Amino acid sequence: MVLMLAMKYNTLTEICGKDHSYDLFNNWYCTAMPIRDNYNGKTMGYLDISRIGIPNISEQSTILKNIVVYLEECISQKSEISSEIGTKIDDTDILILSSLARNYLRKIVIKDIDISERTLRRHINKLYNLMSVSNDVGLVMTAFNAGIIDSHGEILL
């Protein structure tokens, strides 16, 4: 119920024990809040904390707000990095990052993408500079953290 209200009004919502519409939930204290990506201005999800028999809802709201603020900072930072990097890489760069994450070896990446060793080196040097890293593991980790690829090398952009 509280989650549906938070979704409807897109704001922090609280329902205290006896405010529930059913007697069964008289002892439940619920707080829900949207999680936003402030960089893109989108709502990414909702966090709901419900407790039974602990009527201090203001403490519950404070805990929820602190968790949501932390999550929003992480999401917005990731979106900013992804947006910054995403505008400067091309499809071949993304395929290289994906293949590196899956295969770990440049020789396999060359065969996988069907490019020359020289082309691979040129793209990797570009990615090193763009992502401020000095090795292939750093490339893969930065691409993962930026939301370009997932932990299995699947492309997310």
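See the structure printed just above.
No experiment lies behind these values; they were computed from the predicted model shown.

Cut-offs applied
Residues numbered from 1 in each chain as written. Predicted model: local features only at pLDDT ≥ 70, side-chain atom pairs only at ≥ 80, totals over all residues. Heavy atoms only, no water. Helix = DSSP H or I, 4+ residues; strand = E, 2+ residues; numbered from the N terminus. Buried < 20%, exposed > 50% of the residue type's maximum accessible area, 1.4 Å probe, protein only. Core = buried A, V, L, I, M, F, W, Y, C linked by side-chain atoms within 4.5 Å. Contact = heavy atoms within 4.5 Å. Salt bridge = Lys/Arg side-chain N within 4 Å of Asp/Glu carboxyl O. Axes fitted to C-alpha atoms, helices over the stretch in contact; angles between N-to-C directions. Parallel < 35°, antiparallel > 145°, perpendicular 65-115°, else oblique. Nonpolar A, V, L, I, M, F, W, Y, C, P; charged D, E, K, R; others polar. Polar contact = N/O pair within 3.5 Å; in protein donor to acceptor, adjacent residues only side chain to side chain. Left-handed = near helix turned anticlockwise from the far one by under 90°.

Novice: Give a description of unusual backbone geometry that names residues and reports values.
Specialist: A positive phi angle is found at Asp-114, which is not glycine, with a value near 65°. Topologically, Asp-114 is positioned in the loop between helix 4 (106-113) and helix 5 (117-131). The exposure class of Asp-114 is exposed, given its relative accessible area of 68%. Backbone geometry places Ser-132, a non-glycine residue, at a positive phi of 55°. Here Ser-132 is to be found in the loop between helix 5 and helix 6 (136-145). Judged by its relative accessible area of 66%, Ser-132 falls in the exposed class.

Novice: Any details on the nonpolar core? Residues and values, ideally.
Specialist: In terms of nonpolar packing, the biggest core is built from 22 residues, with Ile-96, Met-131, Leu-139 and Ile-148 touching the most fellow members. What Met-131 contacts, discounting residues up to four positions off in sequence, is Ile-85, Leu-97, Leu-139, Thr-142, Ala-143 and Ile-148.

Novice: Break down the environment of Ile-57 for me, with residues and values.
Specialist: Within the secondary structure, Ile-57 is located in helix 2 (residues 57-86). It is 48 Å that separates the C-alpha atoms of Ile-57 and Leu-127, two residues lying 70 residues apart in sequence.

Novice: Got a sec to walk through the pattern of salt bridges? Specific residues and values, please.
Specialist: Scanning all chains against the criterion turns up 5 salt bridges. A salt bridge links Lys-126 to Asp-90, with the shortest nitrogen-to-oxygen separation between them at 3.9 Å. With Lys-126 in helix 5 and Asp-90 in the loop between helix 2 and helix 3 (91-103), this residue pair connects regions lying 36 residues apart in the sequence. Overall, Lys-126 belongs to the partly exposed group, its relative accessible area being 32%.

Novice: Provide a residue-level description of the packing of helix 4 against helix 5, including the pertinent values.
Specialist: Where helix 4 meets helix 5, the axes come as close as 10 Å, and the angle between the chain directions of the two elements is 110°. Accordingly, the angle class assigned to the pair helix 4 and helix 5 is roughly perpendicular. Two secondary-structure elements touch here, helix 4 through Arg-106, Val-109 and Ile-110 and helix 5 through Glu-117, Leu-120, Arg-121, Ile-124 and Tyr-128. Each residue belonging to the contact of helix 4 with helix 5 can be placed in one class, and the counts come to 5 nonpolar, no polar and 3 charged.

Novice: Which residues make up the side chain of Thr-13, and what values go with them?
Specialist: Its location among the elements puts Thr-13 in strand 1 (residues 13-15). Within the structure, Thr-13 has its side chain in polar contact with the backbone oxygen of Thr-11 (distance 3.1 Å). Setting aside anything within four residues of it in sequence, one finds Thr-13 in contact with Val-2, Leu-5, Ala-6, Cys-30, Thr-31 and Ala-32.

Novice: Go over the side chain of His-123 with me, naming the residues and quoting the values.
Specialist: Positionally, His-123 belongs in helix 5. With a relative accessible area of 6%, His-123 lands in the buried category. Here Asp-93 takes part through its side chain, which lies 2.5 Å from a polar atom of the side chain of His-123. What His-123 contacts, discounting residues up to four positions off in sequence, is Asp-90, Thr-92, Asp-93 and Ile-96.

Novice: Got a sec to walk through the packing of helix 5 against helix 6? Specific residues and values, please.
Specialist: Closest axis-to-axis distance for the helix 5/helix 6 pair is 10 Å, and the angle between their directions is 60°. What the angle tells us is that helix 5 and helix 6 run oblique. Of the two possible hands of crossing, helix 5 and helix 6 adopt the one that is left-handed. On helix 6, the residues that touch Ile-124, Leu-127, Tyr-128 and Met-131 of helix 5 are Asp-136, Leu-139, Thr-142 and Ala-143. Of the residues assigned to the contact of helix 5 with helix 6, the class counts are 6 nonpolar, 1 polar and 1 charged.

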